[in-house]
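Here is what each chain is made of, one letter per residue.
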Amino acid sequence: MEAETFSDIRGQPITLDCQRHSSFCSEFTVSSPKVSIGKVMAYTCSVWLLAYFLFFFTQNTAVLSSAILVTLVGMVLHIHFVKVDHESLLVIGSLGIQVSSSYASGREITSFIEMGRIKDIVINEAVYMHQIIYHLCVLLREPAESDAVAGVVPLFQSSKPRLDCLVKVYRSCQEILSKVP
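Residues numbered from 1 in each chain as written. Predicted model: local features only at pLDDT ≥ 70, side-chain atom pairs only at ≥ 80, totals over all residues. Heavy atoms only, no water.

- The name given to the chain in an unreviewed UniProt entry is Phosphatidylinositol glycan anchor biosynthesis, class H, and the organism recorded there is Oryzias melastigma.
- UniProt, in its Pathway (unreviewed entry) section for the chain, records the words "Glycolipid biosynthesis; glycosylphosphatidylinositol-anchor biosynthesis."
- Its UniProt record gives the chain a comment under Sequence similarities (unreviewed entry), which states: "Belongs to the PIGH family." (UniProt positions renumbered as here; feature names shortened; annotations may be inferred.)

Put into C-alpha cells, the structure is as follows:
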C-alpha cells in the first residue's frame, strides 16, 4: 500500500493510493481534498449579504427565507451530486474492471466491465476549454468484430489527475492485462 500526492488539472492536490492484492489484482484510489469550510462560509456569506441587501430595499422577509433555503438546498445538492470524495479502479485480471465513485454525502456509484468486453486501456487526450488534458480510458470491444471499438469509458472523470498520475495507473493496468490470455 503506497499513497502518493499528485495534482489535478486545476493544480489542486490529489492522492493516489495503489494497493496490489496479487499479481492479477490491483486497486487504485484517487482521493480529492475535502470540502473547504472556508469556501462554504464565503459562498454562504455572499448569498446572505445579497439577500440582506435586497431585504433592505424591499422590506420583504421572503427574500431572507429564500436565501436561507437556496443556500441549504444548494449545499445538499452539491455534496450529494457534485463533490466526489474519491474514485477507485479495481483491476482483476481474470474477471474485469470495477469503477467506483464515492460522493461526500456517502452516496456511491459502482460499475463493472467484464474482461471479455475490454479491448484495451489507453491514455487519451482531449481538448478541455483552452487546454489539452489526459484521460485514462477503457476501450470496449465490439462483439461482432474483435478489432473494432464499441465504446470508450473514461476513468477518474471527477478528479481529473494529470498525466504523471495516469501513467502510473496505466503501467500497472497494462502489466495485469498482459497476463490475461
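### So, the overall build of the chain
Right, so step 1: Regarding its fold elements, the chain presents three helices and nine strands.
Right, so step 2: In sequence order, the secondary structure elements of the chain are arranged as β-β-β-α-α-β-β-β-β-β-β-α.
Right, so step 3: For the chain, the spread of C-alpha atoms along the principal axes amounts to about 75 × 40 × 30 Å.
Right, so step 4: Residues counted as buried form 32% of the 181 residues belonging to the chain.
Right, so step 5: Residue pairs at least 24 apart in sequence account for 44% of intrachain contacts in the chain once pairs closer than 6 positions are excluded. (Helix = DSSP H or I, 4+ residues; strand = E, 2+ residues; numbered from the N terminus. Buried < 20%, exposed > 50% of the residue type's maximum accessible area, 1.4 Å probe, protein only. Contact = heavy atoms within 4.5 Å.)

### What to know about the UniProt feature "transmembrane region" (unreviewed entry) in the chain
Right, so step 1: According to UniProt, the feature "transmembrane region" (unreviewed entry) maps to residues 40-57 and 63-82 in the numbering used here.
Right, so step 2: Along residues 40-57 the backbone is 100% helical and 0% strand, and the end-to-end C-alpha distance reaches 26 Å.
Right, so step 3: Split by type, residues 63-82 is 100% helix and 0% strand. Its first and last C-alpha atoms lie 26 Å apart.

### A word on the sheet that holds strand S4 (residues 84-92)
Right, so step 1: Taken together, six strands build an open sheet; the order of strands is S1-S2-S3-S4-S5-S6 and the sheet is antiparallel. Looking at strand neighbours, the two that pair on one side only are strand S1 (2-7) and strand S6 (108-114), the edges of this open sheet. Each strand axis lies, on average, 15° off the axis of its neighbour in the sheet, ignoring direction.
Right, so step 2: Looking at chain direction, strand S5 (residues 96-103) and S6 are connected through seven bridges and run antiparallel. If you follow Ile97 over to S6, its bridge partner there is Ile113. (Pairing = 2+ DSSP bridges. Axes fitted to C-alpha atoms, helices over the stretch in contact; angles between N-to-C directions.)

### Section: the sheet that holds strand S7 (residues 118-128)
Right, so step 1: Ordered in space as S7-S8-S9, the three strands form an open sheet in which the pairing is antiparallel. Of all strands in the sheet, those with a lone pairing partner are S7 and strand S9 (149-155), marking the two edges. Between one strand axis and the next, the sheet turns through 35° on average, direction left out of account.
Right, so step 2: Two strands pair when backbone bridges link them, and S7 and strand S8 (residues 131-141) are joined in this way by 10 bridges, in the antiparallel orientation. Note that in S8 the partner of Ala126 across the bridge is Ile133.
Right, so step 3: Sitting on the sheet, helix H3 (residues 163-177) is in contact with S7 and S8, with an inclination near 165° to S7.

### Let's talk about the pattern of salt bridges
A side chain with one charge may pair with a side chain of the opposite charge, provided their charged atoms come close.
Right, so step 1: In this structure the tally under the stated criterion is four salt bridges.
Right, so step 2: Put simply, Lys168 and Glu4 hold a salt bridge, and the shortest N to O gap is 2.9 Å. Pair noted here: Lys168 is in helix H3 and Glu4 is in strand S1, with a separation of 164 residues, a long-range link.
Right, so step 3: A residue is classified by how much of its surface remains accessible, and Lys168, at 26% relative accessible area, is partly exposed.
Right, so step 4: For the salt bridge of Glu175 with Arg20, the shortest nitrogen-to-oxygen distance reads 2.8 Å. Taken as a pair, Glu175 in helix H3 and Arg20 in strand S2 (residues 13-22) lie far apart in primary sequence, 155 residues in all. (Salt bridge = Lys/Arg side-chain N within 4 Å of Asp/Glu carboxyl O.)

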